[in-house]
Amino acid sequence: FSLFSLRFGPEAIVASIEAVQAGVFGNLLQGVLVPTATSHVSGDSECTMCCAALMALLVQRAQMLSEMGAFGGVLGAAVALAERASGDGGSMGAGPSTAPADDEEPGADVEYGVTFATLMHARRDSANAPIERMVTSIGDPRQHVASQIGALQRTHPNLVTSAALMQHITNPNLRERLGEWLVKGGVALQ
């Protein structure tokens, strides 16, 4: 999702998936993408790339996400990934466990071992260069989240208020951190 979204834009991925079956994007987003992004993505580059793709989706498709009830999940995943990528996320920085739970069969939850760095360096062609530069240019993903929320506030002021935004972040530590990022980024919400 992230590589495709960053390379062609969120609109392209939504249109491609919706062309297969109307309404399926929301199901995939809420049932697969958001849960796996927050539980299976690790490494600074991977977290930054996935965070950037989710924030682009939020900025470009905010109304659609709000209508399908996915806005909060996408925002929460992006915030968690930004915190994890920053390297100081405390327990958030720990990668997912690959050991099956006691009541789970081995192999029931497959962990993908291909990292962003592996994907980017496997093919050193010009098609991947813009994505690699974009991920590198983001720098601090926390600042990226704050700036994208500022952009979102300008386009959807009624959707992005302090109360509405913070209600979507269920983890109180991440809610506090997001507030700090917004203040540091100069984003004042109503």
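Conventions we followed
Residues numbered from 1 in each chain as written. Predicted model: local features only at pLDDT ≥ 70, side-chain atom pairs only at ≥ 80, totals over all residues. Heavy atoms only, no water. Helix = DSSP H or I, 4+ residues; strand = E, 2+ residues; numbered from the N terminus. Buried < 20%, exposed > 50% of the residue type's maximum accessible area, 1.4 Å probe, protein only. Contact = heavy atoms within 4.5 Å. Areas by Shrake-Rupley, 256 points an atom, 1.4 Å probe, with all protein chains shown as cover. Expected span 1.5 Å × (residues − 1). Polar contact = N/O pair within 3.5 Å; in protein donor to acceptor, adjacent residues only side chain to side chain. Phe/Tyr/Trp six-rings, centres within 6.5 Å; stacked < 30°, edge-to-face > 60°. Core = buried A, V, L, I, M, F, W, Y, C linked by side-chain atoms within 4.5 Å. pLDDT = per-residue confidence, 0-100. Salt bridge = Lys/Arg side-chain N within 4 Å of Asp/Glu carboxyl O.

## Re the overall build of the chain
The number of helices and strands found in the chain is eleven helices and zero strands. Counting from the amino terminus, helix and strand elements in the chain follow one another as α-α-α-α-α-α-α-α-α-α-α. Put simply, the chain has 190 residues, and 41% of those count as buried. Considering only contacts within the chain whose residues lie at least 6 apart along the sequence, 73% involve residues at least 24 apart. Carbon and sulfur atoms provide 53% of the accessible area of the chain, an area that totals close to 9900 Å².

## Re helix α9 (residues 141–155)
Along its 15 residues, α9 runs 21 Å from first to last C-alpha, staying within 8% of the 21 Å computed at 1.5 Å per residue. Taken across its 15 residues, α9 has eleven buried, putting it largely inside the fold. Buried within α9 are the following residues: P141, R142, H144, V145, A146, Q148, I149, G150, A151, L152 and Q153. N-capping of α9 is provided by D140, with a side-chain oxygen placed 2.9 Å from the backbone N of R142.

## Section: the packing of aromatic side chains
Counting across every chain of the model gives one aromatic pair. With 5.0 Å between their ring centres and 50° between their planes, F4 and F8 make a pair best called tilted. Taken together, the positions of F4 and F8, both in helix α1 (residues 2–8) and four residues apart, correspond to about one turn of that helix. In this structure F4 comes out as partly exposed when scored by relative accessible area, which is 33%.

## Quick word on the nonpolar core
Membership of the largest hydrophobic core comes to 43 residues, with the highest contact counts inside it found for L29, L65, F71, V145, I149 and L178. Of all the secondary-structure elements, those providing two or more residues to this core are α2 (10–20), α3 (24–40), α4 (44–60), α5 (62–67), α6 (71–85), α9, α10 (162–167) and α11 (172–184). Looking at which element gives the most residues to this core, the answer is α6, with ten residues. If near-sequence neighbours (up to four positions away) are discounted, V145 is found in contact with C51, M55, A78, V79, A82, L178 and W181.

## Considering the confidence of the model for the chain
Mean pLDDT for the chain: 75, with 76% of residues reaching 70 or above. Below pLDDT 50 for its whole length, residues 88–124 participates in 37 contacts with residues either more than four positions away or in separate chains.

## Here's the deal with the pattern of salt bridges
Taken as a whole and judged by the stated rule, the model has four salt bridges. Measuring nitrogen to oxygen at the nearest pair gives 2.8 Å for the salt bridge that ties E11 to R61. Here E11, found in helix α2, pairs with R61, found in the loop between α4 and α5; they are 50 residues apart in sequence, far enough to count as distant. For the salt bridge of D140 with R142, the shortest nitrogen-to-oxygen distance reads 3.0 Å. Taken individually, D140 and R142 each receive the classification buried, so the pair is uniform in this respect.

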